[in-house]
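Summary of structural features
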Amino acid sequence: AQTVTQSQPEMSVQEAETVTLSCTYDTSESDYYLFWYKQPPSRQMILVIRQEAYKQQNATENRFSVNFQKAAKSFSLKISDSQLGDAAMYFCGMDSNYQLIWGAGTKLIIKP
Amino acid sequence: GAGVSQSPRYKVAKRGQDVALRCDPISGHVSLFWYQQALGQGPEFLTYFQNEAQLDKSGLPSDRFFAERPEGSVSTLKIQRTQQEDSAVYLCASSLGRGGQPQHFGDGTRLSIL
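Just so it is clear, the structure is predicted and the values come from calculations on it, not from any experiment.

**Concerning the nonpolar core**
- The biggest cluster of nonpolar side chains holds 26 residues, and the ones touching the most others in it are A:Y25, A:W36, A:F75, A:L77, A:Y90 and A:L108.
- At the level of elements, β3 (19-21), β5 (33-39), β6 (46-52), β8 (64-69), β9 (74-79), β10 (88-95) and β12 (106-111) of chain A are the ones that each hand at least two residues to this core.
- The biggest single contributor to this core is β10(A), with 4 residues.
- Counting 20 residues, the second largest nonpolar core, distinct from the first, contains B:L32, B:A67, B:L77 and B:I79.

Right, here's the structure in full:
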């Protein structure tokens, strides 16, 4: 069975600092995609960053970057220069055949 | 706008009533997904359409749940004889197709069963 695990229910960071959210997954597939989505209180899931498993280079999107360790099945999200607008639930997801498998989420709190 | 549109945003129903939730995907998106999200949890997959074909409905919790996408665009999720455990946020997402394309989500419908 495919699973995604987020072991940090809640994280907090001082504004302008850097924070890393953890995600591990399990799959027997060789070709899959990994995502981080953000869900603010407005409820809409917003794509933060996407990683293709066959690419070794870590994806980067402005202040957001990932540390993808394929052998360890780890996919952490680093947020640099944290801003108040980054406060949200963050969900890690894995897509191997159209179906997204989700982690339980990490609530990110930004301290002003 | 050009995003995924869901209606209604909130729905309150009495136990036993039937409800219908609507999803209008991004134009041109082939794939459409429905998810159920309980409070404080990640989304749970319900069903998947490719155009008008429902290719996977393995996540539908019971035969009271029914989804359709008759013309390959707008989709409706229907829940018959609602129960209190059906209370959740129902999210709809669409994407260009298979193969790891990002899913674009609507704002969801919060369903409350009294």
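Additional details are given in the paragraphs that follow.
**Description of the interface of chain B and chain A**
- The partner chain A presents 19 residues to the 26 residues of chain B that form the contact.
- For the pair chain B and chain A, the summed buried surface comes to about 1,800 Å²; carbon and sulfur atoms form 48% of the total.
- Joining chain B to chain A, the criterion identifies 0 salt bridges.
- Taken together, chain B and chain A are joined by 3 residue pairs in polar contact (both at pLDDT 80 or more).
- Listed by contribution, the elements that provide at least two residues to the side of chain B that touches chain A are β4 (31-37), β5 (44-50), β9 (88-95) and β11 (109-113) of chain B.
- Tallying contributions element by element places β4(B) first for the side of chain B that touches chain A, with 3 residues.

**So, the pairing of β10(A)**
All names here are of chain A.
- Within β10, 8 of the 8 residues are buried, which leaves it mostly tucked inside the rest of the structure.
- Summarising the sheet, β5 and β10 pair through 7 bridges and their orientation is antiparallel. Each residue of the ladder has a partner; that of F35, found in β10, is G93.
- Relative to β12, β10 runs antiparallel, the two sharing 3 bridges. Residue pairing in the sheet places Y90 in a bridge with T106 of β12.
- Both β10 and strand β11 (residues 100-102) contribute to a ladder of 3 bridges, which runs antiparallel. Paired with D95 across the bridge in β11 is L100.
- Linking β10 to β11, which pair antiparallel, is a turn of 4 residues; within it Y98 sits at a positive phi near 75°.

**Here's the deal with the sheet that holds strand β8 (residues 75-79) of chain B**
Residues and elements named next belong to chain B.
- Taken in spatial order, the 4 strands line up as β1-β3-β8-β7 in an open sheet, and their pairing is antiparallel. A strand with exactly one partner marks an edge of an open sheet, and here the two such strands are β1 (5-7) and β7 (65-68). Between one strand axis and the next, the sheet turns through 15° on average, direction left out of account.
- One ladder, built from 4 bridges, connects β7 with β8; its direction is antiparallel. Along β8, the bridge assignment pairs A67 with L77.

**Description of the state of the cysteines**
- The tally for this structure, following the rule as stated, stands at 2 disulfides over all chains.
- Through a disulfide, A:C23 is tied to A:C92; the S-S separation comes to 2.0 Å. One disulfide, between A:C23 and A:C92, carries an S-S torsion of -70° and so falls in the left-handed class. One end of the pair, A:C23, is in the loop between β3 and β4 (24-26); the other, A:C92, is in strand β10, with 69 residues separating them in the sequence. A:C92 carries the same exposure label as A:C23, and that label is buried.
- What pairs with B:C23 in a disulfide is B:C92, and their sulfur atoms sit 1.8 Å apart. Negative torsions about the S-S bond denote left-handed disulfides, and the value of about -70° found for B:C23 with B:C92 makes this one left-handed. Of this pair, B:C23 sits in strand β3 (residues 19-24) while B:C92 sits in strand β9, and the two are 69 residues apart along the sequence. Grouping residues by exposure puts B:C23 and B:C92 together as buried.

Cut-off values and rules
- Residues numbered from 1 in each chain as written.
- Chains lettered and ligands numbered in written order.
- Predicted model: local features only at pLDDT ≥ 70, side-chain atom pairs only at ≥ 80, totals over all residues.
- Heavy atoms only, no water.
- Core = buried A, V, L, I, M, F, W, Y, C linked by side-chain atoms within 4.5 Å.
- Buried < 20%, exposed > 50% of the residue type's maximum accessible area, 1.4 Å probe, protein only.
- Helix = DSSP H or I, 4+ residues; strand = E, 2+ residues; numbered from the N terminus.
- Contact = heavy atoms within 4.5 Å.
- Buried area = accessible area lost by both parts, 1.4 Å probe.
- Salt bridge = Lys/Arg side-chain N within 4 Å of Asp/Glu carboxyl O.
- Polar contact = N/O pair within 3.5 Å; in protein donor to acceptor, adjacent residues only side chain to side chain.
- Pairing = 2+ DSSP bridges.
- Axes fitted to C-alpha atoms, helices over the stretch in contact; angles between N-to-C directions.
- Disulfide = S-S within 2.5 Å.

What is shown is where atoms sit, not what they do.
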